[in-house]
Amino acid sequence: MAAQARSVRIEEEAVEESAASLPQPGSQDEPAPFADDPETAADFATCMNAINFGSGWWPTIRRRAGHSGYGTMAAGVTDRFASVGAWTVEELQAMDAGTIAEVVDQDPEHPLMAQFAAALRDVGDHLGSEFGGRFLGPAEAADSIPALAGTFASWNAFADTSAYDGRQVPFYKRAQLAAADLHRAGVADLPGLDRLTAFADNLVPHVLRVDGVLRLSSDLTARIESEGLLEHGSAGEVELRACAVHAVELLAAASPLTAAEIDSALWNRGRASRYKSLPRPRSRNTAY
């Protein structure tokens, strides 16, 4: 896709300089939430990644002071786990828009709330029917991190493929991120973390574009800079995600970091004012 993309191009001559700007391995590691309780840590990582989408809606949600859109949602779920306890499978199976809206302090009529509730119900249904209601079940049944990501990718809650020129492109941003987060929490001590790709969303392509690694067509640039929404599944939106994935592979080949580590570094870099001051691509979907 990177070779045939019409609206996005990778500037390969910029890769080496960009790779040199990346942090050293291990310098970004942060403690995983609830890592002292494996079942709760698995619960949080799975559920939080099941609802780790909605970036196209962030300008319309009620944010906590000093928090991003994702940070607002994560803070609400964290507070719920800390004050009331982790979600049970039965609670997930009964999840509705009003319940999740109360947790994340949003209007229950906001379109994201029904989508979040549906994703959490799906997680509860799979865990209840396939893993005995245990959040550690998927990790215990997998023999590698990619296999664990594949388990999640088969659930509706983590669905993420796009059609491009007659073929299906599997991105699986949140399925891979869930597997990586379970590994970070110490509850999925499995091989293959280095086989994950970048977690293709809208922020990593934005950072790569600002850093000169991705160059966009004038039409796609104008659409983004006017803050117009990109249609999910449109050629330009799919190319943007796909070229970001491939660019991160090139960066990984030029650095000691894995694609997942580079993704984290770029995502964190995107919180700096240089990147936040410029319009980023936005699309309303359940992929990211």
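For the structure, see preceding data.
Note that the structure is predicted; figures quoted are calculated from it, not measured.

1. Thoughts on the environment of Ala-159
Its place among the elements puts Ala-159 in the loop between α8 (145–153) and β2 (161–164). Judged by its relative accessible area of 37%, Ala-159 is partly exposed. On a C-alpha basis, the gap between Ala-159 and Phe-171 in space is 9.0 Å, while along the polypeptide they are 12 residues apart.

2. Quick notes on the pattern of salt bridges
One pass over the structure, following the stated rule, counts 12 salt bridges. A salt bridge links Arg-6 to Asp-165, with the nearest nitrogen and oxygen atoms 3.8 Å apart. Here Arg-6 is found in the segment before β1 (8–10), whereas its partner Asp-165 is found in the loop between β2 and β3 (167–170), with 159 residues between them in sequence. Of the two residues, Arg-6 and Asp-165, both sit in the exposed class. Note that Arg-241 is salt-bridged to Asp-160, the shortest N-O span being 2.9 Å. Separated by 81 residues along the polypeptide, Arg-241 in helix α12 (residues 235–253) and Asp-160 in the loop between α8 and β2 bring together distant segments of the chain. Asp-160 shares its class with Arg-241; the two are buried. Through salt bridges with shared partners, a single ionic network connects Arg-9, Glu-11 and Arg-215.

3. Considerations on the packing of α12 against helix α13 (residues 259–269)
Two elements in contact, α12 and α13, have axes separated by 9 Å at closest approach and are oriented at 110 degrees. In this view, α12 runs roughly perpendicular relative to α13, as classed from their interaxial angle. For the pair α12 and α13, the contacting residues are Val-248, Glu-249, Leu-251 and Ala-252 in the first and Ala-259, Ile-262 and Leu-266 in the second. The class makeup of the residues in the contact of α12 with α13 is 6 nonpolar, no polar and 1 charged.

4. Points about the side chain of Asn-52
Within the secondary structure layout, Asn-52 lies in the loop between α2 (38–50) and α3 (69–83). Under the relative-accessibility criterion, Asn-52 is labelled buried at 10%. Among all residues touching Asn-52, those that are not within four sequence positions of it are Tyr-70, Lys-173, Arg-174, Leu-177 and Tyr-288.

5. Considerations on the pairing of β2
Burial along β2 is one-sided: the residues Ser-162 and Tyr-164 are buried and none of Thr-161 and Ala-163 is. Note: β2 against β3, 4 bridges, orientation antiparallel. Considered in β3, the bridge of Ser-162 is made with Val-169. What sits between the antiparallel neighbours β2 and β3 is a turn of 2 residues, in which Asp-165 has the positive phi angle 50 degrees.

6. Description of the nonpolar core
Core analysis: the biggest nonpolar cluster contains 59 residues, and Val-77, Trp-87, Ile-100, Leu-120 and Phe-158 have the highest contact counts within it. Of all the secondary-structure elements, those providing two or more residues to this core are α2, α3, α4 (89–93), α5 (97–104), α6 (111–130), α8 and α9 (173–184). Here the element with the most residues in this core is α6; it accounts for 8 residues. Here Phe-158 is in contact with Thr-46, Asn-49, Ala-50, Val-123, Phe-152, Ala-153, Tyr-172, Arg-174, Ala-175 and Ala-178, once residues within four sequence places are set aside. The next biggest cluster of nonpolar side chains, apart from the first, holds 32 residues, and it includes Ala-5, Ala-19, Val-213 and Ala-265.

7. Some thoughts on the packing of aromatic side chains
Taken as a whole and judged by the stated rule, the model has 9 aromatic pairs. With 5.6 Å between their ring centres and 35 degrees between their planes, Phe-34 and Phe-81 make a pair best called tilted. Remark: Phe-81 occurs in helix α3 and Phe-34 occurs in the loop between α1 (15–20) and α2; sequence separation between them is 47 residues. Phe-34 gets classed as partly exposed once you look at its relative accessible area, which sits at 22%. Phe-81 sits in the buried class, given a relative accessible area of 6%.

Cut-off values and rules
- Here the residue numbers are simple positions, counted from 1 along each chain's written sequence.
- Reporting of local features is limited, given that this is a predicted model, to residues whose pLDDT is at least 70; pairs of side-chain atoms are given and counted only at 80 or more, and all residues count toward the totals for whole chains, interfaces and linings.
- To obtain the side-chain values, all non-hydrogen atoms of the structure were used and water was disregarded.
- Every helix listed is a DSSP run of H or I at least four residues long, and every strand listed is a run of E at least two residues long, numbered separately from the N terminus.
- Residue exposure (1.4 Å probe, protein chains only): buried if accessible area is under 20% of the type maximum, exposed if over 50%, otherwise partly exposed.
- Salt bridges are identified by distance alone: a Lys or Arg side-chain nitrogen within 4 Å of an Asp or Glu carboxyl oxygen.
- What counts as an axis is a line fitted to C-alpha atoms, over the stretch in contact for a helix, and the angles between N-to-C directions run from 0 to 180 degrees.
- Throughout this description, any angle smaller than 35 degrees is read as roughly parallel, any larger than 145 degrees as roughly antiparallel, any in the 65 to 115 degree range as roughly perpendicular, and the remainder as oblique.
- Note on contacts: a residue pair qualifies if any of its non-hydrogen atoms lie within 4.5 Å across the two residues.
- Side-chain classes follow a simple rule in which Ala, Val, Leu, Ile, Met, Phe, Trp, Tyr, Cys and Pro form the nonpolar group, Asp, Glu, Lys and Arg form the charged group, and the remainder, Gly included, forms the polar group.
- At least two bridges found by DSSP between two strands is the condition for calling them paired.
- Among the buried residues, those of types Ala, Val, Leu, Ile, Met, Phe, Trp, Tyr and Cys that are joined through side-chain atoms within 4.5 Å form a nonpolar core.
- Each Phe, Tyr or Trp ring (for Trp, its six-membered ring) is paired with any other whose centre lies within 6.5 Å, and the angle between the two planes then decides the class: stacked below 30 degrees, edge-to-face above 60, tilted in between.

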